[in-house]
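# Coordinate analysis (summary)
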Amino acid sequence: MGQAPSSPADSSVRDTSLWLYSPEFLDCESIGFEDGDYDFTANLPDDCLAHVFQFLSAGDRKRCSLVSKRWLFVDGQNRHRLSLDAKAEILPFLPCIFNRFDSVTKLALRCDRRSFSLSDEALFMISIRCSNLIRVKLRGCREITDLGMESFARNCRNLRKLSCGSCNFGAKGLNAMLEHCKVLEELSVKRIRGIHELAEPILLSSSSSLRTICLKELVNGQVFESLVATRTLRKLRIIRCLGDWDRVLEMNGDGNSSLTEIHLERLQVSDVGLSGISKCSSLETLHIVKTPECSDLGLASVVERCKLLRKLHIDGWRIKRIGDEGLMSVAKHCLNLQELVLIGVDATYMSLSAIASNCKKLERLALCGSGTIGDTEIGCIAEKCVALRKFCIKGCLISDVGVKALALGCPKLVKLKVKKCRLVTGEVREWLRERRMTLVVSMDDDETSGVGIVDGGDQRVLETVVEEDPLPVTDGDGGAGFASGGRLGLAILKTKLGLLAGRNLVACTFRRWSQSEATSSI
């Protein structure tokens, strides 16, 4: 394809005789174009060309920008996401970069540990040239200080999502962001070294619109106490942060909290903190992961008051603090439960039978790492969970009998995962193939992670079942990130082929399952 002018050709002189023909069927020499130098996209409006570019990976878009001046211009004007290797060496090139990409609204700056990152000067320059930024991710930008964050906040007042990790600025910089970015909705903070024991409290203005907070691996995350207690907050994730969190969680105990999702992982939190959570009457999703001080009593206090709970994930860490007593409370009070994940929890026939009988809306169930779950318990689930659509079991004492019971007793079951259950043989696969033609089955001896027979209506393969971490480790902004189109497309392709190796047993699976059901049953 030859070179095209930097602007589209005048429509009055376009040759309409070429519109109905594909370039591969045209003889350029016979119609007056020698050496094949005619640009067949000259008649295509810039908006259409930009729409085509959106389906390309980052690498392909770079190559397309070299085709012609027009393609270079269209690509630059319509590139809304940009990820830069934020080393100090790129500072002289920033004006050129943002002259070309002047429509960027989502920016990621990443720097590795062995390099000097961009400084306050660079961040200020970016804020001047990209005042319409709505999402920013900072990773390893250790040269940026509180002053740099303040100047950035003053110029980017439309910012809606901020994710920062492994940076050196502290509470003053974050307070400046919250003060000037009134429409900020999502804040993710991970390993910020300026958040130490002597850090000042993080304060939130009364006009704030903050909806989501994610705190990860902080020494003194308790300085975010006022943010956790804000009435507008909908989602709260606290993961691997030091210190006692009971008092912070009790701040939600006035009954006016808007929290609908809480994720607690590897924290020093006890039943006192869960008691504070129980006063969040709008709570729909709760993850309690490896919190050794939480017991049946705390779980019962939550489920008794949170009548809207739909998703419950519990990793008991095999310490037997949460068991039948807590699960019986779940069965009694969580009548709207749609998703239940139990890892390292020794549930017995009594509690599972109660859940299967009372939770009539249960659609997704995962039972992992329990020595008390066998064929009898699975048979009870198969008999009573008539709404069950996806089931995952790993490391339990079930055999082919239990698997067959699931296939015979759950009429709506569409996806089944069986991992590391030593008494389950490969013969049951053939049996399932004959009895449930539309059931997608994933087992240990699969060559790929999602083998199964899929009917014509659902060509998606199950997500990879992974092994250690019980819940997804987000990238700081809820998992969204600013991945390029190439990486995202490749990840989807690998997932469909079942070639991804993973670390998470159930959460990755159920996260995608939930998303796929978002427009239907959930």
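Residues numbered from 1 in each chain as written. Predicted model: local features only at pLDDT ≥ 70, side-chain atom pairs only at ≥ 80, totals over all residues. Heavy atoms only, no water.

### Section: the overall build of the protein
- Of the regular secondary structure elements, the protein holds 18 helices and 15 strands.
- Among the 522 residues that make up the protein, the fraction classed as buried is 52%.
- Expressed as a percentage of contacts within the protein between residues at least 6 apart in sequence, the contacts between residues at least 24 apart total 73%.
- Surface exposure of the protein reaches about 24,000 Å², of which carbon and sulfur atoms provide 53%. (Helix = DSSP H or I, 4+ residues; strand = E, 2+ residues; numbered from the N terminus. Buried < 20%, exposed > 50% of the residue type's maximum accessible area, 1.4 Å probe, protein only. Contact = heavy atoms within 4.5 Å. Areas by Shrake-Rupley, 256 points an atom, 1.4 Å probe, with all protein chains shown as cover.)

### Regarding helix α3 (residues 69–77)
- Those residues of α3 that fall on the buried side of the exposure criterion are Arg70, Trp71, Val74, Asp75 and Gly76.
- For α3, the elements touching its buried residues are α1 (46–53), α2 (58–64) and α4 (94–100).

### A few points about the packing of helix α13 (residues 349–358) against helix α14 (residues 375–384)
- Between α13 and α14, the shortest axis-to-axis distance is 9 Å and the interhelical angle comes to 10°. Relative to α14, the element α13 is oriented roughly parallel. Where α13 approaches α14, its residues Tyr349, Leu352, Ser353, Ala356 and Ser357 are matched on the opposing element by Thr376, Glu377, Cys380, Ile381 and Lys384. (Axes fitted to C-alpha atoms, helices over the stretch in contact; angles between N-to-C directions. Parallel < 35°, antiparallel > 145°, perpendicular 65-115°, else oblique.)

### Structural notes on the environment of Gly402
- Turning to its location among the elements, Gly402 is positioned in helix α15 (residues 400–409).
- Given a relative accessible area of 0%, Gly402 falls into the buried group.
- In the structure, Gly402 is positioned 21 residues away from Ile381 in sequence and 9.7 Å away in space, judged by C-alpha atoms.
- Sequence-distant contacts of Gly402, that is, excluding residues within four places in its chain, are made with Asp375 and Ile378.

### Quick word on the UniProt feature "domain: F-box" (unreviewed entry) in the protein
- Taking the UniProt record as the reference, the feature "domain: F-box" (unreviewed entry) is found at residues 43–72.
- Between the end C-alpha atoms of residues 43–72 the distance is 17 Å, and the span holds 63% helix and 0% strand. (UniProt positions renumbered as here; feature names shortened; annotations may be inferred.)

### A look at empty space enclosed by the protein
- What the rule picks out here adds up to 4 cavities of 30 Å³ or more.
- Together, Ile288, Lys290, Thr291, Pro292, Cys294, Ile314, Asp315, Gly316, Ile319, Arg321 and Ile322 line the largest cavity.
- Of the residues contributing to the lining of the largest cavity, the split by class is 6 nonpolar, 2 polar and 3 charged. (1 Å grid on protein atoms, 1.4 Å probe; cavity = no way out; pocket = protein on both sides within 12 Å on 5 of 7 lines; lining within 4 Å. Points joined across faces, edges and corners; volume = space filled by probe spheres on them. Nonpolar A, V, L, I, M, F, W, Y, C, P; charged D, E, K, R; others polar.)

### A few points about the pattern of salt bridges
- Inspection of the entire model under this criterion finds 19 salt bridges.
- The closest approach of N and O atoms between Arg240 and Glu265, which form a salt bridge, is 3.6 Å. In this pair, Arg240 is assigned in the loop between β7 (235–239) and α9 (246–250) and Glu265 in strand β8 (residues 261–265), connecting sequence segments 25 residues apart.
- The closest approach of N and O atoms between Arg433 and Glu430, which form a salt bridge, is 3.6 Å. Here the residue Arg433 and the residue Glu430 both occupy positions in helix α16 (residues 427–435), the gap between them amounting to 3 residues, near one helical turn. (Salt bridge = Lys/Arg side-chain N within 4 Å of Asp/Glu carboxyl O.)

### Thoughts on the nonpolar core
- One finds Leu133, Leu174, Phe224, Leu367, Phe391 and Ile393 to be the most contacted residues of the largest nonpolar core, which totals 120 residues.
- Judged by nonpolar contacts, the second largest core, of 6 residues, contains Leu49, Ala50, Cys64 and Val74. (Core = buried A, V, L, I, M, F, W, Y, C linked by side-chain atoms within 4.5 Å.)

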